[in-house]
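Next come the chains, spelled out residue by residue.
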Amino acid sequence: MLKLNNIEVVYDRTILVLHGVSLEVPKGQIVALLGANGAGKSTTLKAISGVLKPERGEIIAGSIDFNGVRIDHREPAEIVKLGISQVMEGRRVFEHLTAEENLIAGAHTRHDRRQIRQDLELVYGYFPRLAERRHVKAGYLSGGEQQMLAIGRGLMSRPKLMLLDEPSLGLAPLLVEEIFEIVLRLNQEEDVTVLLVEQNAAMALSIAHHGYIMENGRIVLDGPAEVLRNNEDIKEFYLGLSEVGVRKSYRDVKHYRRRKRWLS
Amino acid sequence: MEFFFDLVTNGLLVGLTYALVALGFVLIYKATSVINFAQGDLVMFAGYAAAVMLGMRGMPVWLMALVLAVGMVVLGFVIERGILRPLVGQPVIAVIMVTIGLSFVLQGLVAILWGASTRDLPLPVRMEPYILGPVFLSPINLVAAVIAIVFLIAFGLFFTRSRLGVAMRAVADDQQAAMVIGIKVPRVFALSWAIAGLAAAAGGVIWGNMLGVDTFLALVGLKVFPVVILGGLDSIAGAIIGGLILGAVESLAAGYLDPYVGGGTKDFIPYVLMILVLFVRPYGFFGHETIERV
């Protein structure tokens, strides 16, 4: 469905942040894109949705295909119309608009009023809490409700592919679980393909079909989610376990530090 | 006391017009973060165009109003497209300077096109005041207030009821987030300039009628600055309340102070008020409503 081929992104015409990223998101799947801070995950998503320009970023090489159509160098509004919707990191709801106005703004690219009303109810069905607070200004919603609103707003354009950027950021573990469950349901029930960027690797790999690991603007490893979950390196560096259930002691650290295998 | 009521009422009526023009200014600031120093000159340009059209034989007022409204909307679009679009993402100072430049270009343009002498802008409104108990209402003030109220209500409905209005407010809140849901941000920028042009058209006709049309009309338009400082640069409700307060204060100053100093207080009292407000509330009384969750 989505195919990135050797994408290179440069900021301010000088700083190369993506060194040829290639990845593929098959239809109907959830694909996780994992990596540390500054690895280039968010930049990858922004390259797909076409919003690098306000940050003075630019795609200088490679191509992005969506269902056989090239979408690099298109306007963000066109990309939304083609069926890609991004939920940005940090929720980014429109604070001075009510929850419902946020959702209506999310349907901006569509024109069928009846369909939009139906989808509004669909979103309220997935997020009943938003229905209760539909007339509250979004800025006054709790963090969890704002994240739900951001996802709901992304759904209102009826996307075939959703790009979720760190939906777990700053939320309590219970809420994170709730959000991920809903993402999984959206994938299964609404047939929304998902590209999920996360730092919470354990959570992301638990619902994803496939995972990519990014480091310093490159994809360094990829594979089916269950393979990644059992990979020793991933366990050590992203899941925070060395041997399952065993906490590290200083003695181990002192005499042997694991080296990332993909660096050699 | 009767004198006081009379001044306040007429002041409030004039204040509505300030509110209307300030709304155009606030809109541009909210949506595009541009401080538009040329707002007063847009008002002046509209006043000139109206006076010229009415000077033509056989031009009825309604036709003038229609042509002017359409023309000013187009002018707003053209300014955004031609002058501000290329500067998106450039430093604030560059953008401010460009609006100052635009202000003088507009002044020069009207002088070249239509000459610098003062023109009349006659409207078919009667001169004798309506007398309402102790209050003398000047008909032109009433007409101005009605026009302003109609515009303000129309804008209010537009922003809350129409999807495009909601999209404009969304862009004002978070441009990038608006982009990723498919709102065409440049289109919203152009629209906010077009609406500012429309607001300026109303202001130009009303003040042009009261004061006569020449390049000094731009100074009246500049009263949006005290209005928006009072109300807050980014608050639509603030623009309305700021306009009303300013209208009243100005009228009171003219009534009570002018006899002692020989006139002219009307022209600077708003700015005194602006300076005082800046001491106390640098963001205005309503502006910068940052929502913080605790």
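So, how was this worked out
Numbering of residues starts from 1 in each chain and follows the order in which that chain's sequence is written. Throughout, the order in which chains and ligands are written sets their labels, letters from A for the former and numbers from 1 for the latter. Only residues with pLDDT of at least 70 are given local features in this predicted model, and only at 80 or more are side-chain atom pairs given and counted; all residues enter the totals for whole chains, interfaces and linings. Excluding hydrogens and water, the side-chain figures rest on all heavy atoms present in the structure. Numbering of helices and strands starts at the N terminus; helices are DSSP runs of H or I of at least 4 residues and strands are runs of E of at least 2. In this setup the radius of gyration rests on C-alpha atoms only. A globule is expected at 2.2 Å times the number of residues raised to 0.38. Remark: exposure states derive from per-residue accessible area (1.4 Å probe, protein chains only) relative to the maximum for the residue type, with buried under 20%, exposed over 50%, and partly exposed in between. Areas reported as accessible are Shrake-Rupley estimates using a 1.4 Å probe. Residue values count occlusion only from the protein chains shown. We call two residues in contact when some of their heavy atoms are within 4.5 Å. Buried area, as used here, totals the accessible surface that two parts lose on assembly, with accessibility defined by a 1.4 Å probe and the loss added over both. Between Lys or Arg on one side and Asp or Glu on the other, a salt bridge is scored when a side-chain nitrogen of the former is within 4 Å of a carboxyl oxygen of the latter. Pairs of N or O atoms are called polar contacts if they sit within 3.5 Å, as long as, within protein, a hydrogen donor faces a hydrogen acceptor (for residues adjacent in sequence, only side-chain-to-side-chain pairs). Under the scheme applied, nonpolar residues are Ala, Val, Leu, Ile, Met, Phe, Trp, Tyr, Cys and Pro; charged residues are Asp, Glu, Lys and Arg; polar residues are all the others, including Gly. Pairing between strands requires that DSSP locate at least two bridges from one strand to the other. The handedness rule is simple: strands pointing away from the viewer, and a clockwise path from the first strand over the helix to the second, make the crossover right-handed. Pairing of aromatic side chains requires ring centres within 6.5 Å, counting the rings of Phe and Tyr and the six-membered ring of Trp. Pairs whose planes differ by under 30 degrees are stacked, by over 60 edge-to-face, and all others tilted. Residues qualify for a patch when their relative accessible area is over 30% and they have no salt bridge, like charges being joined within 9 Å and the nonpolar side chains of Val, Leu, Ile, Met, Phe, Trp and Tyr within 5 Å. Predictor confidence is given residue by residue as pLDDT, running from a minimum of 0 to a maximum of 100. In this description, a line fitted to the C-alpha atoms serves as the axis of each element, helices being fitted only across the stretch in contact, and the angle between N-to-C directions of two axes falls anywhere from 0 to 180 degrees. Here the word oblique covers every angle except those under 35 degrees (roughly parallel), over 145 (roughly antiparallel) and from 65 to 115 (roughly perpendicular). By convention, the crossing between two helices is left-handed when the near helix turns anticlockwise from the far helix through less than a right angle, and right-handed when the turn is clockwise. For the purpose of charge, His is not counted, nor are the chain termini; Lys and Arg are scored as positive and Asp and Glu as negative. A charge is said to be at NZ when it belongs to Lys, at CZ for Arg, at CG for Asp and at CD for Glu.

### Re the overall build of chain A
So, point 1. A tally of helices and strands in chain A yields 11 helices and 10 strands.
So, point 2. Relative to a compact globule of 264 residues, whose C-alpha radius of gyration would be 18 Å, chain A shows 19 Å and is just as compact.
So, point 3. If you line up chain A on its principal axes, its C-alpha atoms span 65 × 40 × 30 Å.
So, point 4. Looking at chain A as a whole, 51% of its 264 residues qualify as buried.
So, point 5. Summed over its atoms, the accessible surface of chain A is roughly 12600 Å², and 48% of this surface lies on carbon and sulfur atoms.

### Some remarks on the interface of chain B and chain A
So, point 1. At the junction of the two partners, chain B supplies 21 residues and chain A supplies 34 residues.
So, point 2. Roughly 2700 Å² of surface becomes buried between chain B and chain A when both sides are summed, with 56% attributable to carbon and sulfur atoms.
So, point 3. There are two salt bridges connecting chain B and chain A.
So, point 4. Arg92(A) serves as the salt-bridge partner of Asp174(B), at 2.6 Å between the closest nitrogen and oxygen.
So, point 5. In this structure, the connection of chain B to chain A is made through nine residue pairs in polar contact (both at pLDDT 80 or more).
So, point 6. Among the elements of the structure, α6 (163–173) and α7 (175–180) of chain B are those that each provide at least two residues to the side of chain B that touches chain A.
So, point 7. Here the side of chain B that touches chain A takes seven residues from α6(B), the largest share from any one element.
So, point 8. Broken down by class, the residue content of the side of chain B that touches chain A amounts to 11 nonpolar, three polar and seven charged.

### Details of the sheet that holds strand β4 (residues 57–66) of chain A
Residues and elements named next belong to chain A.
So, point 1. Pairing within the open sheet is antiparallel, and its four strands lie in the order β2-β1-β4-β5. Each edge of the sheet is formed by a strand with only one pairing partner; in this case those strands are β2 (15–25) and β5 (69–70).
So, point 2. Bridge analysis of strand β1 (residues 2–11) against β2 gives eight bridges, and the strand direction is antiparallel. Looking across to β2, one finds that Ile7 is bridged to Val21.

### Thoughts on the pairing of strand β7 (residues 161–165) of chain A
Residues and elements named next belong to chain A.
So, point 1. Burial analysis of β7 places five of its five residues in the buried class, the great majority of the element.
So, point 2. Neither face of β7 is exposed, since Leu161, Leu163 and Asp165 on one face and Met162 and Leu164 on the opposite face are all buried.
So, point 3. The pairing of strand β6 (residues 84–87) with β7 spans four bridges and is parallel. Residue pairing across strands places Ile84 opposite Leu161, the latter belonging to β7.
So, point 4. On the question of chirality, the crossover connecting β7 to the parallel strand β8 (residues 193–198) by way of helix α7 (residues 173–189) is right-handed.

### Some words on the packing of aromatic side chains
All names here are of chain B.
So, point 1. Inspection of the entire model under this criterion finds nine aromatic pairs over all chains.
So, point 2. Ring geometry for Phe4 versus Phe5: centroids 6.0 Å apart, planes at 70°, classification edge-to-face.
So, point 3. Looking at Phe4, the relative accessible area reads 30%, which means it is partly exposed.
So, point 4. Between Phe37 and Phe225, the ring centres sit 5.1 Å apart and the planes meet at 35°, which makes this aromatic pair tilted. Highlighted residues: Phe37 in the loop between α1 (2–32) and α2 (39–55) and Phe225 in helix α10 (residues 224–231), separated in sequence by 188 residues.
So, point 5. By relative accessible area, which is 28% here, Phe37 ends up partly exposed.
So, point 6. One aromatic cluster is present, built from ring pairs that chain together Phe25, Phe37 and Phe225.

### Here we look at helix α3 (residues 99–106) of chain A
So, point 1. With respect to burial, α3(A) is a largely interior element, seven of its eight residues being buried.
So, point 2. Looking only at α3(A), the buried set comprises Ala99(A), Glu100(A), Glu101(A), Asn102(A), Leu103(A), Ala105(A) and Gly106(A).

### Focus: a nonpolar patch on the surface
So, point 1. A contiguous nonpolar surface patch, about 610 Å² in accessible area, is contributed by Trp62(B), Leu66(B), Val70(B), Val74(B), Phe77(B) and Val78(B).
So, point 2. By the element assignment, Leu66(B) lies in helix α3 (residues 61–84).

### What to know about the side chain of Thr32(B)
Residue and element names in this part refer to chain B.
So, point 1. For Thr32, the position within the fold is in helix α1.
So, point 2. The exposure class assigned to Thr32 is buried, which follows from its relative accessible area of 12%.
So, point 3. From its side chain, Thr32 meets the backbone oxygen of Ile28 in a polar contact 2.7 Å long.
So, point 4. Sequence-distant contacts of Thr32, that is, excluding residues within four places in its chain, are made with Phe189 and Ser192.

### Quick word on the confidence of the model for chain B
Keep in mind that low pLDDT regions are not for reading the predicted coordinates in detail.
Residues and elements named next belong to chain B.
So, point 1. When pLDDT is averaged across chain B, the result is 87; 97% of the residues are at 70 or more.
So, point 2. Of all helices and strands in chain B, the one with the weakest mean pLDDT is strand β2 (residues 135–137) (81), whereas α3 scores best (93).
So, point 3. Predicted as a complex, the structure gets a pTM of 0.84 and an ipTM equal to 0.85.

### Focus: the packing of α10(B) against helix α13 (residues 265–280) of chain B
Residues and elements named next belong to chain B.
So, point 1. The contact between α10 and α13 brings their axes to 9 Å, and the two run at 30°. Classified by the angle their axes make, α10 and α13 are roughly parallel. Along this stretch, α10 crosses α13, giving a crossing that reads as left-handed. Two secondary-structure elements touch here, α10 through Phe225, Pro226, Ile229 and Leu230 and α13 through Pro270, Tyr271, Leu273, Met274, Val277 and Leu278.
So, point 2. Residues belonging to the contact of α10 with α13 are distributed by class as follows: 10 nonpolar, no polar and no charged.

### A look at a positive patch on the surface
So, point 1. There is a patch of like positive charges on the surface, built from Lys81(A), Arg81(B), Lys184(B) and Arg187(B).
So, point 2. Among the structural elements, Arg187(B) can be located in helix α8 (residues 185–211).
So, point 3. The class of Arg187(B) is exposed, set by a relative accessible area of 55%.

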